[in-house]
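This is what each chain is made of:
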Amino acid sequence: MALGPVYMSDRNDDDTDIGVATKTRARTKRPPLYKVMLLNDDFTPMEFVVHILERFFGMTHAEAFEIMLIVHKKGLAIVGVYSHEIAETKVTQVMEFARRHQHPLQCTMEKE
Ligand code: TYC
(Lines give C-alpha, C1' and ligand atoms only; values in the text may rest on other atoms or scores of the structure.)
Protein backbone atom coordinates (compact mmCIF):
# COMPACT_ATOMS: atom_id res chain seq x y z
CA MET A 1 0.00 0.00 0.00
CA ALA A 2 1.43 3.38 -1.01
CA LEU A 3 0.00 6.25 1.00
CA GLY A 4 1.29 9.79 0.92
CA PRO A 5 4.17 10.99 -1.22
CA VAL A 6 6.49 8.32 -2.51
CA TYR A 7 9.71 9.41 -4.10
CA MET A 8 12.05 7.60 -6.47
CA SER A 9 14.53 7.59 -3.62
CA ASP A 10 12.03 5.54 -1.61
CA ARG A 11 12.44 2.52 -3.82
CA ASN A 12 14.42 -0.43 -2.68
CA ASP A 13 16.02 -3.15 -4.78
CA ASP A 14 12.91 -5.11 -5.67
CA ASP A 15 11.01 -1.92 -6.69
CA THR A 16 8.64 -2.04 -3.69
CA ASP A 17 7.45 1.35 -2.45
CA ILE A 18 8.71 2.44 0.93
CA GLY A 19 7.22 5.49 2.55
CA VAL A 20 5.42 6.89 5.53
CA ALA A 21 1.63 6.81 5.34
CA THR A 22 0.59 10.43 5.71
CA LYS A 23 -2.99 10.41 4.38
CA THR A 24 -5.76 11.61 6.63
CA ARG A 25 -9.50 11.46 5.88
CA ALA A 26 -11.00 14.72 4.72
CA ARG A 27 -13.38 15.58 7.57
CA THR A 28 -16.21 17.53 5.92
CA LYS A 29 -18.55 17.77 8.88
CA ARG A 30 -21.99 18.92 7.79
CA PRO A 31 -23.68 21.57 9.93
CA PRO A 32 -26.38 20.26 12.29
CA LEU A 33 -30.03 20.53 11.21
CA TYR A 34 -32.96 21.67 13.34
CA LYS A 35 -36.58 20.51 13.29
CA VAL A 36 -39.10 23.32 13.51
CA MET A 37 -42.27 22.19 15.27
CA LEU A 38 -45.73 23.63 15.68
CA LEU A 39 -47.64 22.84 18.89
CA ASN A 40 -51.37 22.44 19.25
CA ASP A 41 -53.51 24.61 21.53
CA ASP A 42 -57.26 25.00 22.05
CA PHE A 43 -57.59 28.62 20.91
CA THR A 44 -55.64 29.41 17.73
CA PRO A 45 -58.07 29.18 14.78
CA MET A 46 -57.37 26.40 12.28
CA GLU A 47 -57.33 28.82 9.34
CA PHE A 48 -54.72 30.98 11.08
CA VAL A 49 -52.39 27.96 11.39
CA VAL A 50 -53.04 27.07 7.74
CA HIS A 51 -52.10 30.64 6.79
CA ILE A 52 -48.85 30.43 8.80
CA LEU A 53 -47.85 27.21 7.07
CA GLU A 54 -48.49 28.74 3.64
CA ARG A 55 -46.80 32.06 4.44
CA PHE A 56 -43.67 30.96 6.32
CA PHE A 57 -43.19 27.35 5.24
CA GLY A 58 -44.04 27.56 1.54
CA MET A 59 -46.84 24.99 1.66
CA THR A 60 -49.80 24.86 -0.68
CA HIS A 61 -53.23 25.32 0.93
CA ALA A 62 -53.84 21.55 0.74
CA GLU A 63 -50.44 20.72 2.31
CA ALA A 64 -50.93 23.34 5.02
CA PHE A 65 -54.41 22.05 5.87
CA GLU A 66 -53.10 18.48 6.11
CA ILE A 67 -50.21 19.44 8.46
CA MET A 68 -52.47 21.68 10.57
CA LEU A 69 -54.81 18.71 11.10
CA ILE A 70 -51.86 16.51 12.17
CA VAL A 71 -50.87 19.12 14.78
CA HIS A 72 -54.51 19.41 15.90
CA LYS A 73 -54.90 15.65 16.31
CA LYS A 74 -51.42 14.59 17.50
CA GLY A 75 -50.42 17.64 19.54
CA LEU A 76 -47.45 18.66 17.42
CA ALA A 77 -45.77 18.11 14.07
CA ILE A 78 -42.47 18.89 12.38
CA VAL A 79 -43.17 21.56 9.79
CA GLY A 80 -39.65 21.90 8.40
CA VAL A 81 -35.95 21.06 8.87
CA TYR A 82 -33.37 23.82 8.47
CA SER A 83 -29.94 25.15 9.43
CA HIS A 84 -29.80 26.79 12.87
CA GLU A 85 -30.12 30.33 11.50
CA ILE A 86 -33.04 29.60 9.18
CA ALA A 87 -34.86 27.57 11.87
CA GLU A 88 -34.46 30.44 14.35
CA THR A 89 -35.84 32.89 11.79
CA LYS A 90 -38.90 30.67 11.15
CA VAL A 91 -39.61 30.33 14.89
CA THR A 92 -39.31 34.10 15.39
CA GLN A 93 -41.55 34.87 12.40
CA VAL A 94 -44.26 32.47 13.59
CA MET A 95 -44.12 33.61 17.24
CA GLU A 96 -44.25 37.31 16.30
CA PHE A 97 -47.07 36.82 13.82
CA ALA A 98 -49.11 34.80 16.36
CA ARG A 99 -48.50 37.33 19.14
CA ARG A 100 -49.44 40.23 16.85
CA HIS A 101 -52.80 38.49 16.24
CA GLN A 102 -53.16 37.58 19.92
CA HIS A 103 -53.14 33.83 19.37
CA PRO A 104 -51.28 31.53 21.81
CA LEU A 105 -49.73 29.43 19.01
CA GLN A 106 -46.32 28.01 19.95
CA CYS A 107 -43.47 27.19 17.57
CA THR A 108 -40.20 25.61 18.73
CA MET A 109 -36.99 24.20 17.29
CA GLU A 110 -34.92 21.19 18.29
CA LYS A 111 -31.64 19.76 17.05
CA GLU A 112 -32.32 16.79 14.73
N1 TYC B 1 -56.61 23.10 18.03
C2 TYC B 1 -56.92 24.33 17.32
C3 TYC B 1 -58.44 24.47 17.18
O4 TYC B 1 -59.14 23.51 17.37
C5 TYC B 1 -56.28 24.37 15.93
C6 TYC B 1 -54.78 24.35 15.97
C7 TYC B 1 -54.08 23.55 15.07
C8 TYC B 1 -54.07 25.15 16.87
C9 TYC B 1 -52.68 23.56 15.08
C10 TYC B 1 -52.69 25.17 16.86
O11 TYC B 1 -50.63 24.38 15.95
C12 TYC B 1 -52.00 24.36 15.97
N13 TYC B 1 -58.89 25.66 16.84
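Each remark here, short or long, concerns the structure printed above.
The rules behind each value
Residues numbered from 1 in each chain as written. Predicted model: local features only at pLDDT ≥ 70, side-chain atom pairs only at ≥ 80, totals over all residues. Heavy atoms only, no water. Helix = DSSP H or I, 4+ residues; strand = E, 2+ residues; numbered from the N terminus. Expected span 1.5 Å × (residues − 1). Buried < 20%, exposed > 50% of the residue type's maximum accessible area, 1.4 Å probe, protein only. Contact = heavy atoms within 4.5 Å. Phe/Tyr/Trp six-rings, centres within 6.5 Å; stacked < 30°, edge-to-face > 60°. Lys NZ or Arg CZ within 6 Å of the ring centre and 35° of its normal. Pairing = 2+ DSSP bridges.

## Structural notes on helix 1 (residues 46-57)
Over its 12 residues, helix 1 runs 16 Å from end to end, which matches the ideal 16 Å to within 8%, given 1.5 Å per residue. The complete set of buried residues in helix 1 reads Phe48, Val49, Val50, Ile52, Leu53, Phe56 and Phe57. Residues of helix 1 that are buried sit in contact with strand 1 (34-39), helix 2 (61-74), strand 2 (76-82) and helix 3 (84-100). Once helix 1 ends, the next one or two residues include Gly58, with phi positive near 60°.

## Thoughts on the packing of aromatic side chains
Enumeration according to the criterion identifies 3 aromatic pairs in this entry. Judged by centre distance (5.4 Å) and plane angle (10°), the rings of Phe48 and Phe97 are stacked. Of this pair, Phe48 sits in helix 1 while Phe97 sits in helix 3; the two residues are 49 residues apart in sequence, bridging distant segments of the chain. Here the two residues Phe48 and Phe97 agree in accessibility, since each one is buried. Taken together through their ring pairs, the aromatic side chains of Phe48, Phe56 and Phe97 make up a single cluster. Above the plane of the ring of Phe57 lies Lys90, whose end atom (NZ or CZ) is 5.8 Å from the centre.

## With respect to the pairing of strand 1
For strand 1, the buried fraction is high: 5 of the 6 residues fall into the buried class. Where strand 1 lies against strand 2, 6 bridges are found, and the strand directions are antiparallel. Within the sheet, the bridge partner assigned to Tyr34 lies in strand 2 and is Tyr82. Pairing of strand 1 with strand 3 (residues 106-111), which is carried by 6 bridges, proceeds in the antiparallel orientation. Within strand 3, the residue paired with Tyr34 across the bridge is Lys111.

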